[in-house]
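Residue-level structure breakdown
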Amino acid sequence: MEPRRGGRAARLTLGLALLCSALEAAPAGPQPRSAVGQFWHVSDLHLDPTYHITPDRTKVCSSSKGANASNPGPFGDFLCDSPYQLILSAFAFMKDSKQQVSFMIWTGDSPPHVPVKELSTKLVISIIGNMSSTIRNFFPDLQVFPALGNHDYWPQDQLPVTTSEVYNAVADFWKPWLTDEAISTFRKGGFYTQLFESSDSSQPLRIISLNTNLYYSPNSVTVNITDPANQFAWLEGILEASSQKEEKVYIIGHVPIGYLPYARNTTAIREYYNERLVKIFRKYSSVIAGQFFGHTHRDSIMVLLDEEEKPVNSLFVAPAVTPVKNVWQMESNNPGVRLYQYDLLDYSLLDLWQFYLDLRDANKKNESNWKLEYILTKAYGIEDLKPESLYEMAKQLSMPHSTLFEQYYSNFIVSYDKTIVCEEGCKICQICAIQYLDYSSYTDCINREAMWR
């Protein structure tokens, strides 16, 4: 849609009026406001090729690791990774929604959670190839920006700091989407950068796809390496150049920075690497318009604060398409995909529409009815997705007995089970992880909250 050139106030008033009428007319999907772009985000497909319905519940899927599948149906089970039919239903829903999108980001993890001996380099490559071609078949003309996940390697988590069979094979799969320069960088270390040029925008957007798996705690290849694959130096160089050229940047990656919202005092990547990334992102926060991750299978936000506790960056962790959980976990997630809306002028994030499949219902009815779960600005009463707005939201969630926090936790598990509550220690972990991404401020938050309660 062409941006209107009217005054900003007039554009906003018109935009809000359009959005309100659109919401009344079409609750299933957004109608873009004037001067608004959109893009999809999918993550953690985790295809399990062994999934099939059989009377022996222990044999439904390899990803249940011998446990009884709970209630298997055509679209999957909460103890299994995704059957192909679930993944097809997600992409069919996205395609049929007829949303006008500029691009898609895909933040990794195609193979299933199975014991190492059940996979191989060849199998992992074949599954990533299958998922790449599936996306291309559904969206032949769409620009896709992918990132590698920790399962997109064999053995899982052990992504190397130099070229490898997997990096080379995946580079070939992703050639239709990436420039020669991006492909060449990717072959060396599993990361790349690329400009997204849009006829609707006056300036291009730079995508930086990081290989955060190099920093992931279980990756034994990178232990004691200060700058694995020289990605930190590369990243700072790109951001410095973007700063000089006044570009805007979206950072995408699989394993997020910051602290895990469900585990106290635990970063997903090693603490040293986390501190280093936080420092880089603070330094270049005026260039970075958004950060997008996956990996946790849950739906969460983070707000990067600078040293003066001023909000400077918005970060989003998208929930998984796979519904899998371990036997000992109380909660899982319903499958989810999401749509972001951004300002075509400066790429600042305006809203997100989270869609989900109620897995129990889909299996019972033998049909996949993907639905809107929430619209972020409406659910939390904020204006947009800029850091200042998310910081306001975080403050609201922190209030004792906050009903908004109950809503946030229900969204965190993608409406898996309304009866599960997150109180006391559980809530402290969530609240601190949203606002504090570095060691000292996070530790202060945990200690402060523990004293209060």
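Provided above is the structure to which this section pertains.
Re empty space enclosed by the protein
- Here the structure, examined in full by the defined rule, presents one cavity of 30 Å³ or more.
- For the largest cavity, the calculated volume is near 80 Å³.
- Contributing to the lining of the largest cavity are 15 residues, with Tyr259, Leu260, Pro261, Ser300 and Met302 lying nearest its centre.
- Only strand S8 (300-305) and helix H12 (425-435) provide two or more residues apiece to the lining of the largest cavity.
- For the lining of the largest cavity, a count of residues per class yields eleven nonpolar, four polar and no charged.

Structural notes on helix H4 (residues 165-173)
- Along H4, the positions that sit buried rather than exposed are Val166, Tyr167, Ala169, Val170 and Ala171.
- Those residues of H4 hidden inside the fold are in contact with helix H3 (121-138) and helix H5 (180-189).

Here's the deal with the packing of helix H10 (residues 387-398) against helix H11 (residues 403-412)
- As a packed pair, H10 and H11 sit with axes 7 Å apart at the nearest point and diverge in direction by 105°. In terms of axis orientation, H10 runs roughly perpendicular to H11. Within the contact between the two elements, H10 uses Met393, Gln396 and Leu397 and H11 uses Leu404, Phe405 and Tyr408.
- In terms of residue class, the contact of H10 with H11 is made up of five nonpolar, one polar and no charged.

A look at the packing of aromatic side chains
- If you walk through the whole model with that rule in mind, you get 38 aromatic pairs.
- Judged by centre distance (6.3 Å) and plane angle (90°), the ring pair of Phe145 and Phe196 falls under edge-to-face. Placement of the pair is Phe145 in strand S3 (residues 143-146) and Phe196 in strand S4 (residues 192-196), with a sequence separation of 51 residues.
- Residue Phe145 is classed as buried on the basis of its relative accessible area, which comes to 0%.

Reading guide: rules and limits
Residues numbered from 1 in each chain as written. Predicted model: local features only at pLDDT ≥ 70, side-chain atom pairs only at ≥ 80, totals over all residues. Heavy atoms only, no water. 1 Å grid on protein atoms, 1.4 Å probe; cavity = no way out; pocket = protein on both sides within 12 Å on 5 of 7 lines; lining within 4 Å. Points joined across faces, edges and corners; volume = space filled by probe spheres on them. Helix = DSSP H or I, 4+ residues; strand = E, 2+ residues; numbered from the N terminus. Nonpolar A, V, L, I, M, F, W, Y, C, P; charged D, E, K, R; others polar. Buried < 20%, exposed > 50% of the residue type's maximum accessible area, 1.4 Å probe, protein only. Contact = heavy atoms within 4.5 Å. Axes fitted to C-alpha atoms, helices over the stretch in contact; angles between N-to-C directions. Parallel < 35°, antiparallel > 145°, perpendicular 65-115°, else oblique. Phe/Tyr/Trp six-rings, centres within 6.5 Å; stacked < 30°, edge-to-face > 60°.

Interpretation note: all reported values are geometric properties and have no functional meaning in isolation.
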